[in-house]
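A structural walkthrough
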Amino acid sequence: MSATPVTSSTTSTAASDAATSPAPTGEELAFYEKVREQAAQATREVLAASHEKAGDIFVVGCSSSEVLGERIGTHTSMRVAPYLFNGIQSVLKPAGVFLAAQCCEHLNRAIVMERGCMERYDLEQVNAIPQPTHAGGAFGTIAYQRFDDPVLVEDIRHLAKAGMDIGDTLIGMHLRPVAVPLRISLDAIGSAHLVCARYRPKYVGGARAIYDESLM
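Conventions adopted
- In this numbering scheme, every chain counts its residues from 1 along its sequence in written order.
- Residue-level local features of this predicted model are given only where pLDDT is at least 70; pairs of side-chain atoms are given and counted only at 80 or more, and the full residue set underlies all totals for whole chains, interfaces and linings.
- Side-chain calculation: all heavy atoms of the structure are included, whereas hydrogens and water are not.
- Whether a set of points on the 1 Å grid over the protein atoms alone is a cavity depends on a 1.4 Å probe fitting there but being unable to get out, while an open set qualifies as a pocket with protein on both sides within 12 Å along at least five of seven lines; lining residues are those with an atom within 4 Å of a point.
- Grid points are joined across faces, edges and corners, and a volume is the space filled by probe spheres set on the points.
- Going along the chain from the N terminus, every DSSP run of H or I of four or more residues is numbered as a helix, and every run of E of two or more is numbered as a strand.
- Working definition: with a 1.4 Å probe on protein chains only, accessible area under 20% of the residue-type maximum means buried, over 50% means exposed, and in between means partly exposed.
- Here, a strand pair is defined by DSSP locating no fewer than two bridges between the strands.
- Summary of the metric used: pLDDT quantifies the predictor's per-residue confidence within the range 0 to 100.
- We call two residues in contact when some of their heavy atoms are within 4.5 Å.
- Only buried Ala, Val, Leu, Ile, Met, Phe, Trp, Tyr and Cys residues count toward a nonpolar core, and they belong to the same one when joined by side-chain atoms within 4.5 Å.
- The rule is short: rings of Phe, Tyr and Trp, with Trp giving its six-membered ring, pair when the centres are within 6.5 Å, and they are stacked under 30 degrees, edge-to-face over 60, tilted in between.
- Charges are assigned to positions over rings by a cutoff of 6 Å between ring centre and Lys NZ or Arg CZ, combined with an angular limit of 35 degrees from the ring normal.
- Working convention for charge: Lys and Arg count positive, Asp and Glu count negative, and His plus the chain ends are omitted.
- Any Lys or Arg side-chain nitrogen located within 4 Å of an Asp or Glu carboxyl oxygen qualifies as a salt bridge.
- Axis definition: a line fitted to C-alpha atoms, over the contacting stretch in the case of helices. Angles run 0 to 180 degrees between N-to-C directions.
- Between 65 and 115 degrees an angle is taken as roughly perpendicular, under 35 as roughly parallel, over 145 as roughly antiparallel, and anywhere else as oblique.
- By convention the crossing between two helices is left-handed if the near helix lies anticlockwise of the far one by an angle smaller than a right angle, and right-handed if it lies clockwise.
- Lys, Arg, Asp and Glu make up the charged group, whereas Ala, Val, Leu, Ile, Met, Phe, Trp, Tyr, Cys and Pro make up the nonpolar group; the residues left over, Gly among them, are polar.

Turning our attention to the layout of surface pockets. The volume enclosed by the largest pocket comes to roughly 430 Å³. Together, 24 residues line the largest pocket, and Ile-72, Gly-73, Cys-104, Glu-105 and Gly-137 are the ones closest to its centre. Those elements that place two or more of their residues in the lining of the largest pocket are strand E1 (57–62), helix H4 (64–67) and helix H7 (138–146). When residues in the lining of the largest pocket are grouped by element, the largest group, three residues, is from H7.

In structure tokens form, the structure reads like this:
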């Protein structure tokens, strides 16, 4: 199935960062590559700890500004966002796990995902095209550009079984209860604070119950 059409105005807006900025220096490229490696490593560790399977949803909220050491929403970067996306997808896609890319608060933290994920979980599509400097953010914009058949959904009904918050973007509204914080080997990607979480089933039964430790 072909990707959702993107208008020329959308393309030009999304590319404005790269078009108006000087070419990145060798030092900047080295930083971007380090960010890609960190994103991949963090995703690998969360995936291993959360026991997600093919068809599950992995939500990521990401501030490209915070990755660059700036305050969230102030230095949106279409330069670093592709490296973050590529690092995360290099782990999730081979595993068959769906990436849910959270947009910024101006789109009510709506989610960019593949149409196949939306249809699998019977979610409702909404109409907006993420933009890096308007409503959406760089990470959501890159996801919309690079998914095979991208759609935007407003609510995934707490279906994400694991996720990463890169830069304190707040992903809790998309995580399935009970959300458990994960400590992995990284606590930052670039300069952005990293918080990871996974889902566990609720405990029932009280003092006499015996629990399955593999689900804890």
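There is more to say, and it comes next.
Below, the discussion takes up the pairing of strand E5 (residues 150–153). Residue alternation in E5 divides its side chains into two sets, Pro-150 and Leu-152 and Val-151 and Val-153, and both sets are buried. Pairing geometry for strand E3 (residues 111–114) and E5, over four bridges, is antiparallel. Across the sheet, Ile-111 pairs through a bridge with Val-153, a residue of E5. As paired strands, strand E4 (residues 125–126) and E5 are joined by two bridges and run antiparallel to one another.

This next bit is on the confidence of the model for the protein. Close inspection of predicted coordinates is inappropriate in any region flagged by low pLDDT. With 90% of its residues at a pLDDT of 70 or more, the protein shows a mean pLDDT of 90. Low confidence marks residues 1–17, where pLDDT is under 50. Its contacts with residues over four positions away, or in another chain, come to 30 contacts.

Of all hydrophobic cores here, the largest spans 43 residues; its most connected members are Met-164 and Ile-166. Secondary-structure elements contributing two or more residues to this core are helix H3 (26–50), E1, helix H5 (81–95), strand E2 (98–102), H7, strand E6 (162–166) and strand E9 (192–199). In terms of residue count, H3 provides more of this core than any other element does, seven residues in total. Counting 18 residues, the second-largest nonpolar core is a separate cluster that includes Val-59, Ile-156, Leu-159 and Leu-175.

One pass over the structure, following the stated rule, counts five aromatic pairs. The ring centre of Tyr-199 lies 5.3 Å from the NZ or CZ of Arg-176, which sits over that ring. Sitting above the plane of the Tyr-203 ring, Arg-200 keeps its charged end 3.8 Å from the centroid.

Attention now moves to the side chain of Glu-114. Within the fold, Glu-114 resides in strand E3. One buried charged residue, Glu-114, remains without a salt bridge, the closest side chain of opposite sign being Lys-93 at 5.4 Å. Those residues within four positions of Glu-114 in sequence are excluded, and the remaining contacts are Phe-147, Asp-148, Asp-149, Pro-150 and Val-151.

Another point: the packing of H5 against H7. At their nearest, the axes of H5 and H7 sit 9 Å apart, and the two run at 60° to each other. Regarding the angle of H5 to H7, the classification is oblique. Handedness of the crossing formed by H5 with H7: right-handed. For the pair H5 and H7, contact is made by Ala-81, Pro-82, Leu-84, Phe-85, Asn-86 and Ile-88 and by Ala-138, Phe-139, Ile-142, Ala-143 and Arg-146, respectively. Classifying every residue of the contact of H5 with H7 by side-chain character gives nine nonpolar, one polar and one charged.

The full count for this structure, using the stated rule, is four salt bridges. Residue Lys-93 pairs with Asp-148 through a salt bridge whose shortest N-O separation is 3.7 Å. Of this pair, Lys-93 sits in helix H5 while Asp-148 sits in the loop between H7 and E5, and the two are 55 residues apart along the sequence. Its relative accessible area of 47% is what places Asp-148 among the partly exposed residues. With a shortest N-O distance of 3.0 Å, Arg-115 and Asp-149 are connected by a salt bridge. Of the two residues, Arg-115 sits in helix H6 (residues 115–120) while Asp-149 sits in the loop between H7 and E5, which places them 34 residues apart along the sequence. With a relative accessible area of 18%, Arg-115 lands in the buried category.

For Glu-70, the position within the fold is in the loop between H4 and H5. With 121 residues separating them along the chain, Glu-70 and Ser-191 place their C-alpha atoms 8.3 Å apart. Discounting residues that sit within four places of it in the chain, Glu-70 has contacts with Ser-65 and His-75.

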